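# Summary of structural features
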Amino acid sequence: MNTQPDMIRKCVWPVCLIGLFIPGTLSLGCDWLHIHLRRITWQNVKLLTNMSKSFPLECLRENKAFELPREVLAYSQPLLHRDIKGAFYEMSMLAFSIFTQSTFQSTGEEKHLGQIQTGLDQQLQYLEQCLKEEKGNEDKEEMEEDERRHPGARTPQPSNLELRRYFHRISSFLQDKQYSHCAWKIVQVEIRRCFYYFQRLIELLRRK
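Read on for an overview of the structure.

What counts, and at which threshold
- Residues numbered from 1 in each chain as written.
- Predicted model: local features only at pLDDT ≥ 70, side-chain atom pairs only at ≥ 80, totals over all residues.
- Heavy atoms only, no water.
- Helix = DSSP H or I, 4+ residues; strand = E, 2+ residues; numbered from the N terminus.
- Buried < 20%, exposed > 50% of the residue type's maximum accessible area, 1.4 Å probe, protein only.
- Polar contact = N/O pair within 3.5 Å; in protein donor to acceptor, adjacent residues only side chain to side chain.
- Disulfide = S-S within 2.5 Å.
- Phe/Tyr/Trp six-rings, centres within 6.5 Å; stacked < 30°, edge-to-face > 60°.

When you line up the elements, Thr 118 lands in helix 6 (residues 107-136). Of the residues examined, Thr 118 reaches a relative accessible area of 8% and is grouped as buried. At a separation of 2.9 Å, a polar atom in the side chain of Thr 118 contacts the main-chain carbonyl oxygen of Gly 114.

So this is what it looks like as structure tokens:
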């Protein structure tokens, strides 16, 4: 689960070429980040909903609770602006890693998967740009305060660590089920649920 952004883009290069022709992706300033995230995340929720419409009843007995982190579920709790962006970045990268393992049988699902991958790749680029910009704009006082709270090298936020564990459980489930049709259907529904809750987090970005 240590997929890096550069590796991600190599995996989906043909799909990314399509994304180059989608207007307004990276041209929006970081002040409009919430609009971009809302558009892409809602689009992915709809795509996964379409893919999950024909959920086989025989797969219900294999259903599993993957335990989405409480920080995401309790979306109204106080969160730092940067922490939300960081969590979105982590989620996008890990979800992309899951979907690159997929081999769908139908042409329709393959098309939807390509659109999801394109959206996640755009999201990663946008978030990476904004996180770097925000880091570069931190003033001396904020950096000193951060150093007092977290002396030494920066460590990942707890919410991001929980996200990694969450997606690791999803990946392990797929491996244990040998990437069966039912396993993929269950994972599609679960990641749609994850996207849905992240969609609600976007409201916190808008308020800040």
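Right, picking up where we left off after that structure.
It is worth spelling out the state of the cysteines at this point. Summed over the entire model, instances satisfying the criterion amount to 2 disulfides. Paired through a disulfide, Cys 59 and Cys 182 show a sulfur-sulfur distance of 2.0 Å. On the sign convention where negative means left-handed, the S-S torsion of about -75 degrees between Cys 59 and Cys 182 marks this disulfide as left-handed. Here Cys 59, found in the loop between helix 3 (33-51) and helix 4 (70-73), pairs with Cys 182, found in helix 9 (residues 181-207); they are 123 residues apart in sequence, far enough to count as distant. For Cys 182, a relative accessible area of 11% puts it in the buried group. Going through the protein chain in sequence order and numbering each bonded cysteine, the pairs you get are 1-3, 2-4.

On to the packing of aromatic side chains, then. One pair of aromatic rings is described through two measures. These are the centre distance and the angle between the planes. Summed over all chains, the structure comprises 5 aromatic pairs. Ring geometry for Tyr 166 versus Phe 167: centroids 5.1 Å apart, planes at 80 degrees, classification edge-to-face. Neither Tyr 166 nor Phe 167 differs from the other in exposure class; each is buried. Plain terms: the ring middles of Tyr 196 and Tyr 197 are 5.6 Å apart, the flat faces sit at 75 degrees to each other, and that makes the pair edge-to-face. Classification of Tyr 196 as partly exposed rests on a relative accessible area of 42%.

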